[in-house]
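# Secondary and tertiary structure notes
Now for the letters of each chain:
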Amino acid sequence: QVQLVESGGGLVQVGGSLRLSCAASGRTFSRYAMGWFRQAPGKEREFVAAISWSGGSTTYADSVKGRFTISRDNAKNTVYLQMNGLKPEDAAVYYCNRDRIPFRTKPTTWGDYWGQGTQVTVSS
């Protein structure tokens, strides 16, 4: 039942940067780990990054380590994904999601609602 609204996508040159935002509904945002995922045309949705409920621990897919940074602002019920050094293979629709269980550092299950996503296009 959580509502998630992704934004911040757009067109960027190879090597450029974008910052994605995910606004979440509810007053218990700070209790849950959050994650970013992406889906390219013809591909399955894949994990990109996650941040613990406390914000003290982050996890990244190998493909984005050193280039992407996930963060959160509990006062704004928002999670961010800073993307630097973008590559053509980063082009996809990006989604955020919330862990089903509160107070976890390493989430393993996610909610059913993925929002509408935000499109990232990388020109080459």
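Since this is a predicted model, take the numbers as computed values, not measurements.

Before going further, it helps to spend a moment on the sheet that holds strand 7 (residues 68-73). With antiparallel pairing, four strands are arranged side by side in an open sheet as 1-3-8-7. Bordering the open sheet on either side are strand 1 (4-7) and strand 7, each of which pairs with just one other strand. With direction set aside, neighbouring strand axes in the sheet form an average angle of 15°.

A separate point is unusual backbone geometry. A positive phi angle, close to 50°, is found at N77, a residue other than glycine. Structurally, N77 is set in the loop between strand 7 and strand 8 (78-83). Here N77 falls in the buried class, since its relative accessible area comes to 17%. Here the phi dihedral of F103 falls at roughly 60°; this positive angle occurs in a residue that is not glycine. In this fold, F103 is placed in the loop between strand 9 (92-98) and strand 10 (118-123).

Here the focus is the nonpolar core. W36, V79, L81, M83 and Y94 are the most contacted members of the largest nonpolar core, which has 27 residues in total. At the level of elements, strand 3 (18-24), strand 4 (34-39), strand 5 (46-51), strand 7, strand 8, strand 9 and strand 10 are the ones that each hand at least two residues to this core. In terms of residues, this core owes the most to one element, strand 3, which gives four residues. In contact with M83, other than residues within four places in its own chain, are G16, S17, L18, L20, R67, F68, Y94 and V120. Judged by nonpolar contacts, the second largest core, of six residues, contains F37, A50, V93 and W110.

Another point: the state of the cysteines. Within the structure shown, the criterion is met by one disulfide. Sulfur-sulfur distance for the disulfide between C22 and C96 comes to 1.8 Å. Around the S-S axis, the bridge from C22 to C96 shows a dihedral of about 55° and counts as right-handed. Within this pair, whereas C22 is found in strand 3, its partner C96 is found in strand 9, the two being separated by 74 residues in sequence. Owing to a relative accessible area of 0%, C22 belongs among the buried residues under this scheme. Residue C96 is classed as buried on the basis of its relative accessible area of 0%.

The mixed open sheet is built from six strands, whose spatial order is 2-10-9-4-5-6. The open sheet has two edge strands, strand 2 (10-13) and strand 6 (58-60), and neither has a second partner. The average angle at which neighbouring strand axes cross in this sheet is 25°, direction not considered. Alignment of strand 4 against strand 5, held across five bridges, turns out to be antiparallel. The residue of strand 5 that forms the bridge with R38 is E46.

Calculation criteria
- Chains are numbered independently. Their residues run from 1 in the order of the written sequence.
- Only residues with pLDDT of 70 or above have their local features reported here, since the model is predicted, and side-chain atom pairs are shown and tallied only from 80 upward, although totals for entire chains, interfaces and linings are computed over all residues.
- Based on all heavy atoms of the structure, the side-chain values leave hydrogens and waters out of the count.
- Only strands joined by at least two bridges in the DSSP assignment are considered to pair.
- For the purposes of this entry, the term helix denotes a DSSP run of H or I that reaches at least four residues, the term strand denotes a run of E that reaches at least two, and both are numbered from the N terminus.
- Throughout, an axis means a line fitted to C-alpha atoms (over the contacting stretch in the case of helices), and angles, computed between N-to-C directions, take values from 0 to 180 degrees.
- Throughout, exposure labels follow a simple rule: accessible area from a 1.4 Å probe, protein chains only, divided by the maximum for the residue type, with under 20% read as buried, over 50% as exposed, and the rest as partly exposed.
- Here, the term nonpolar core denotes a set of buried Ala, Val, Leu, Ile, Met, Phe, Trp, Tyr and Cys residues that are joined through side-chain atoms within 4.5 Å.
- Here, residues are in contact when the closest pair of their heavy atoms is within 4.5 Å.
- Only a pair of cysteine sulfur atoms within 2.5 Å qualifies as a disulfide here.

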